[in-house]
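One letter stands for each residue in the lines below.
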Amino acid sequence: MLNICGCLVHVMPEKTDSVIAAITATPGCEVHAQEDGRIVVTVEDTGDKLASDQIMDMHQIPGVLTVTLTYHHFEPLHAQDGPAMAAAPAL
């Protein structure tokens, strides 16, 4: 199973650009929107790291105040895990 997590990351507004750069440089993480020190991020498991560990790592990025899990979904990886979805739902 693949974990797909949606998170809201609150940052110090002056650190927004550097936090976004750090998040987008992390495999399995994607920034979808940002406004006024709030960043919407999705995090997926990778071959090297679980999504939960990546979320914990985000807390250590300079300028991050909080990371809140707002959505969690399990997706089958293989046919034997269950029917695969054609496309993941938009957040």
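Note that the structure is predicted; figures quoted are calculated from it, not measured.

Trainee: Would you mind showing me how to read helix H2 (residues 51–58) here?
Mentor: It helps to recall that an α-helix has 3.6 residues per turn; residues three or four apart then point in one direction. Within H2 the residues assigned to the buried category are Ala51, Gln54, Ile55 and Met58. Buried positions in H2, seen along its axis, are confined to an arc of 100° and lie on one side of it. The elements touched by buried residues of H2 are strand E1 (2–11), helix H1 (16–24), strand E2 (29–35), strand E3 (38–44) and strand E4 (64–75).

Trainee: Quick question: what am I supposed to make of the confidence of the model for the protein chain here?
Mentor: Atomic detail in the predicted coordinates should be set aside for any region of low pLDDT. For the protein chain, the average pLDDT comes to 88, and 85% of its residues sit at 70 or higher. Predicted confidence is poor over residues 81–86, with pLDDT under 50, and the contacts of this stretch with residues over four places away or in other chains come to 6 contacts.

Trainee: Any chance you could explain H1 here in plain terms?
Mentor: Looking at H1, one finds that the buried residues are Thr16, Val19, Ile20 and Ile23. Seen from one end, H1 has its buried residues packed into an arc of 100°, which puts them on one side.

Trainee: Could you clarify how one ought to interpret the nonpolar core in this entry?
Mentor: The nonpolar side chains of a soluble globular protein tend to be buried with one another. Judged by nonpolar contacts, the single largest core of 17 residues is most densely connected at Val9, Ile23, Val43 and Met58. Those elements that provide at least two residues to this core are E1, H1, E3, H2 and E4. Top contributing element to this core by residue count: E1, with 4 residues. Not counting chain neighbours up to four residues away, the residues in contact with isoleucine 23 comprise Val9, Cys29, Val31, Val41, Met58 and Ile61.

Trainee: Before we go on, may I ask you to explain the pairing of E3 in this structure?
Mentor: When a strand is regular, its side chains alternate between the sheet's two faces. Taken together, the 7 bridges between E1 and E3 define a ladder with antiparallel strand orientation. Considered in E3, the bridge of cysteine 5 is made with valine 43. The hairpin turn running from E2 into E3, its antiparallel successor, is 2 residues long, and aspartate 36 in that turn takes a positive phi close to 50°.

Trainee: What's the story with the environment of isoleucine 61 in this structure? I'm lost.
Mentor: Within the secondary structure layout, isoleucine 61 lies in the loop between H2 and E4. We classify isoleucine 61 as buried; its relative accessible area is 15%. On a C-alpha basis, the gap between isoleucine 61 and isoleucine 23 in space is 8.6 Å, while along the polypeptide they are 38 residues apart. Discounting residues that sit within four places of it in the chain, isoleucine 61 has contacts with Val19, Ala22 and Ile23.

What counts, and at which threshold
- Residues numbered from 1 in each chain as written.
- Predicted model: local features only at pLDDT ≥ 70, side-chain atom pairs only at ≥ 80, totals over all residues.
- Heavy atoms only, no water.
- Buried < 20%, exposed > 50% of the residue type's maximum accessible area, 1.4 Å probe, protein only.
- Helix = DSSP H or I, 4+ residues; strand = E, 2+ residues; numbered from the N terminus.
- Arc of directions from axis to C-beta.
- Contact = heavy atoms within 4.5 Å.
- pLDDT = per-residue confidence, 0-100.
- Core = buried A, V, L, I, M, F, W, Y, C linked by side-chain atoms within 4.5 Å.
- Pairing = 2+ DSSP bridges.

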